[in-house]
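Remarks on the overall topology
The lines below spell out each chain.
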Amino acid sequence: MEKEQINSQQETDKAIPKKKLGIFPRVPGMSWLALLLLWLVFAVNSNCRELLNRVMPAIISEYHISASMNGIFIAILTLSNGLLALWGSAWSDRVGQGWARKKSNIVIAICYVSFTILCGIPALTMSIVPFIIFGIFRQSTAGVGESVEVTSVAEWWPAERRGFALGIHHTGYPWGSLLGGFLISAIMVATGNNWRICFIVIPLIAIPIWICYWIFAKPKRFKRYEERALEMGLTPTIDSKTIDTKVEHKGTIKECLKNPNIVVGSFCALFGIASLTGVSVWLSPYLAFVAKYDFSKVAVFSVIFTITGGIGQIFWGTMADKFGRKRVLLIAFAWLAVGYFMMQFVGLSLGWLVGAQLFLGCCTNALFPVLYSLVSDSARKTDLATANSMTVFFSGFGGAIASLAIGFFINMFGGWNVKTGYMFSLYFLVALMIIAFFVVLLFAHETIGKRRGRDWALSSYKSCGIKDAKD
């Protein structure tokens, strides 16, 4: 199996020098169409999960939730984000790959859309208990959805441009949630801060999007993409002629756990989601209860970092294709450590609120397409969704840790209206970014670029599925 993995990596390596990487890559037309539709799919997924953070002050007020209880509440939901990721993605690998992955994906999408809507039905959420239960099911199915949707993009795009494609795709989270933030704000203003309407309206956008993607994802179109990619000197991520949708050894978690690059990518996703969840949980109540912004304005001012979040994903995803995944990850974690330190000044003025968020946003979301690229580069072709799902599974723990810690700090130092607890929360996030930096430095190997097979780490090249340049 290790030999198969290394041979797969060598096939990709041979193709990399064939094309000079530009800002806007020349790839098959089918790749661009697939990316557009999968971006829209992921944007709906992200908004279903981000709804809670956007209307959190209104929910806190209605259910009378303390800071510590809110931390536990968010921890439960973010932990459930990875609850079904490994199982669901392994199942997706077995149901079908390439165009056929839509079969498992639509089942997953129906689940997270339905549970989001249930969260907004007044008769079912008069108390917080059913709201949490529906939220657990929403987050757990949406987490599977993310790993499957990311894998779909990787399969519709050549290996040489994977970082760019996943960078574009993952802007569905910051930019999709940014657009969602404006829509949520408008709904809150129009309905007198009725947050339940948001949970009903937002997920319904998925219906026309999924109709279009279902019609698009056909065997002939996927074959056309593969043929065109080969004509252009590019490497399709999978080969539909040789991959059987019922192969028994697909989606093996054990093999993924043996690969240090996949494990490092998973733990770094834990730290990355901890920071992203942390700032989302931190910012809305800080603006509402310390800076005294109106709830409808909080929905807008709490998503400013998503503007550069999308740009950062495209830029750093492209840089990762050119200069290497490991190098970009080291830069991103160092950047975030500085960014979270700067966030303590957002209460000074509107300029600080906007500027600090824009600086931070350059790397908040950029981590994930690079991490998915690192993992996809290192995994066997038959285990792509399973390997990517490990990042989602472990990231749930990161979100739980961050929300519990932030709730603890805020509650310990005076509650929602006292600034001190918020500041300690930021220092905690800075520490996480520093730890993640050293995890990447010490244990990950480069998978692309000039440093592939020539860099240093405590792990071996072979265990990461990479050929030593000396060999």
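Conventions used here
- Residues numbered from 1 in each chain as written.
- Predicted model: local features only at pLDDT ≥ 70, side-chain atom pairs only at ≥ 80, totals over all residues.
- Heavy atoms only, no water.
- Phe/Tyr/Trp six-rings, centres within 6.5 Å; stacked < 30°, edge-to-face > 60°.
- Lys NZ or Arg CZ within 6 Å of the ring centre and 35° of its normal.
- Helix = DSSP H or I, 4+ residues; strand = E, 2+ residues; numbered from the N terminus.
- Buried < 20%, exposed > 50% of the residue type's maximum accessible area, 1.4 Å probe, protein only.
- Axes fitted to C-alpha atoms, helices over the stretch in contact; angles between N-to-C directions.
- Parallel < 35°, antiparallel > 145°, perpendicular 65-115°, else oblique.
- Left-handed = near helix turned anticlockwise from the far one by under 90°.
- Contact = heavy atoms within 4.5 Å.
- Nonpolar A, V, L, I, M, F, W, Y, C, P; charged D, E, K, R; others polar.
- pLDDT = per-residue confidence, 0-100.

On to the packing of aromatic side chains. Inspection of every chain in the model, using the stated rule, returns 35 aromatic pairs. Ring geometry for F345 against W352: centres 5.2 Å apart, planes inclined by 50 degrees, an arrangement best described as tilted. Among the aromatic side chains, those forming a connected cluster through ring pairs are W156, W210, Y213, F216, F222 and Y225. One residue, K102, lies across the ring of W214, its end atom 4.1 Å from the ring centre.

Assignment of secondary structure puts P122 in the loop between α6 (102-119) and α7 (128-156). The class for P122 is partly exposed, based on a relative accessible area of 44%. For the pair P122 and I197, spaced 75 residues apart in sequence, the C-alpha to C-alpha distance is 9.4 Å.

With that settled, the discussion passes to the packing of helix α9 (residues 174-191) against helix α16 (residues 305-323). One way to put it is that α9 packs onto α16 with a least axis distance of 8 Å and a crossing angle of 160 degrees. Between α9 and α16, the angle is such that the two are roughly antiparallel. The handedness of the crossing between α9 and α16 is left-handed. Of the residues in α16, those in contact with P174, W175, S177 and L178 of α9 are T306, I307, G309, G310, I311, Q313 and I314. Counted by class, the contact of α9 with α16 contains 6 nonpolar, 5 polar and no charged residues.

Right, let's get into the confidence of the model for the protein chain. Mean pLDDT over the protein chain: 85, with 91% of residues reaching 70 or higher. The secondary-structure element of the protein chain with the lowest mean pLDDT is helix α1 (residues 2-15), recorded at 45, while helix α11 (residues 206-216) shows the highest, at 96. Note on residues 1-22: pLDDT is under 50 here. Beyond four places in sequence and across chains, it has 40 contacts. Below pLDDT 50 for its whole length, residues 244-249 participates in 12 contacts with residues either more than four positions away or in separate chains.

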